[in-house]
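Breakdown of the fold
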Amino acid sequence: MTQFLDSIPEWLLFVLILVAMLVAFEGGFRLGAYREKRSPDEKEGPTSTLVGALLALMAFLLAITMGMASDRFDTRRGLVQQEANAIGTTYLRAGYLQEPQSDELRELLRQYLPLRITTADKLELQSNVDQSNQLLEQAWVITEEVVRADPNSESVAIFVESLNDTIDTGASRVTAINNRVPEAIILFLIVGSVLAIGLVGYDAGLTLRRSLIAAALLILLFSVVLYLVIDINQPVSGIFQVSQQPLITLQQQMGPPS
């Protein structure tokens, strides 16, 4: 599932968020200084309390969103290991079957496995998913022939169970890749964070005092947290990526396709 933010490089998005917060802070400070000259009593109002409450709210929402993104990341990581186990078990249990179906199914699995290793190229990823589905369909056709030939075989039933697990896990991985934090939430966090920083600048303008070091640190921390949320929410690109090592190790054990 492609989102609008996917079209913007992550490093550029980080820079844009950082610059927007800097501009918002400076704009808020100047507006606050202007209001202080026009209405000196305004600084005695609840602005500071509102700033603290808004910052706390944004921090809370960022923490929740980070948790949502992390949960999806952990799910994708767990499914990689689960799929490697399912394919490996199916490959081994294919040995229970008679020839030539046993060799045919194992060859299909050797072709299938490399297609399940995630790539950062989204077009290639979709192509791999389509090809892997076709291979599973071929494997299922062969399995139907085996079942019809010996419907009461316990060995055949065990293999069918493994193949079902492989199919189900493969579908779950595709679903998990598309299961991301809704873009509307991330956009709301970006806009809300920028406005919160602007209000911090406005409060500083009312007192005509600002700590540039503290403000820069606050802006940097907000920008980094937003960047991490966006990065973790990316299923096939970014700094934090699910390791494909379980599938790579299994591929080395099974060997390349004939």
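A few points on the structure.

Basis of the calculations
Residues numbered from 1 in each chain as written. Predicted model: local features only at pLDDT ≥ 70, side-chain atom pairs only at ≥ 80, totals over all residues. Heavy atoms only, no water. 1 Å grid on protein atoms, 1.4 Å probe; cavity = no way out; pocket = protein on both sides within 12 Å on 5 of 7 lines; lining within 4 Å. Points joined across faces, edges and corners; volume = space filled by probe spheres on them. Helix = DSSP H or I, 4+ residues; strand = E, 2+ residues; numbered from the N terminus. Nonpolar A, V, L, I, M, F, W, Y, C, P; charged D, E, K, R; others polar. Patch = residues over 30% accessible without salt bridge, like charges linked within 9 Å, V, L, I, M, F, W, Y side chains within 5 Å. Areas by Shrake-Rupley, 256 points an atom, 1.4 Å probe, with all protein chains shown as cover. Salt bridge = Lys/Arg side-chain N within 4 Å of Asp/Glu carboxyl O. Lys, Arg positive; Asp, Glu negative; His and termini not counted. Charge placed at Lys NZ, Arg CZ, Asp CG, Glu CD. Expected span 1.5 Å × (residues − 1). Buried < 20%, exposed > 50% of the residue type's maximum accessible area, 1.4 Å probe, protein only. Contact = heavy atoms within 4.5 Å.

**Side note on empty space enclosed by the protein**
Evaluated as defined, the whole model comprises two cavities of 30 Å³ or more. One number sums up the size of the largest cavity: a volume of about 80 Å³. Taken together, Leu115, Arg116, Ile117, Thr118, Leu125, Asn128, Val129, Arg173, Val174 and Ile177 make up the lining of the largest cavity. Listed by contribution, the elements that provide at least two residues to the lining of the largest cavity are α4 (122-149) and α5 (154-178). Classifying every residue of the lining of the largest cavity by side-chain character gives six nonpolar, two polar and two charged. Its volume calculated, the second largest cavity comes out at about 30 Å³. Considering the residues around the second largest cavity, the lining is formed by Gln3, Leu5, Asp6, Arg180, Ile186, Ile230, Asn233 and Gln234. In terms of residue class, the lining of the second largest cavity is made up of three nonpolar, three polar and two charged.

**What about a negative patch on the surface?**
A cluster of acidic side chains, namely Glu99, Asp103, Glu104, Glu144 and Glu145, defines a negative patch on the protein surface. On the secondary structure map, Glu104 appears in helix α3 (residues 101-115).

**Overview of helix α1 (residues 10-38)**
In this model, α1 (29 residues) spans 42 Å end to end at C-alpha, consistent with the 42 Å of a helix rising 1.5 Å per residue. Along α1, the residues that are buried comprise Glu10, Leu13, Ile17, Met21, Ala24, Phe25, Gly28, Phe29, Gly32, Ala33 and Glu36. Elements in contact with the buried residues of α1: α6 (183-207) and α7 (212-232).

**Quick notes on unusual backbone geometry**
A cis geometry characterises the amide bond from Glu99 onward to Pro100, with omega recorded as 5°. Structurally, the position occupied by Pro100 is in the loop between α2 (47-93) and α3.

**Observations concerning the environment of Leu57**
Here Leu57 lies in helix α2. Looking at Leu57, the relative accessible area reads 43%, which means it is partly exposed. In this structure, the C-alpha to C-alpha distance between Leu57 and Ser193, residues 136 residues apart in sequence, is 9.9 Å.

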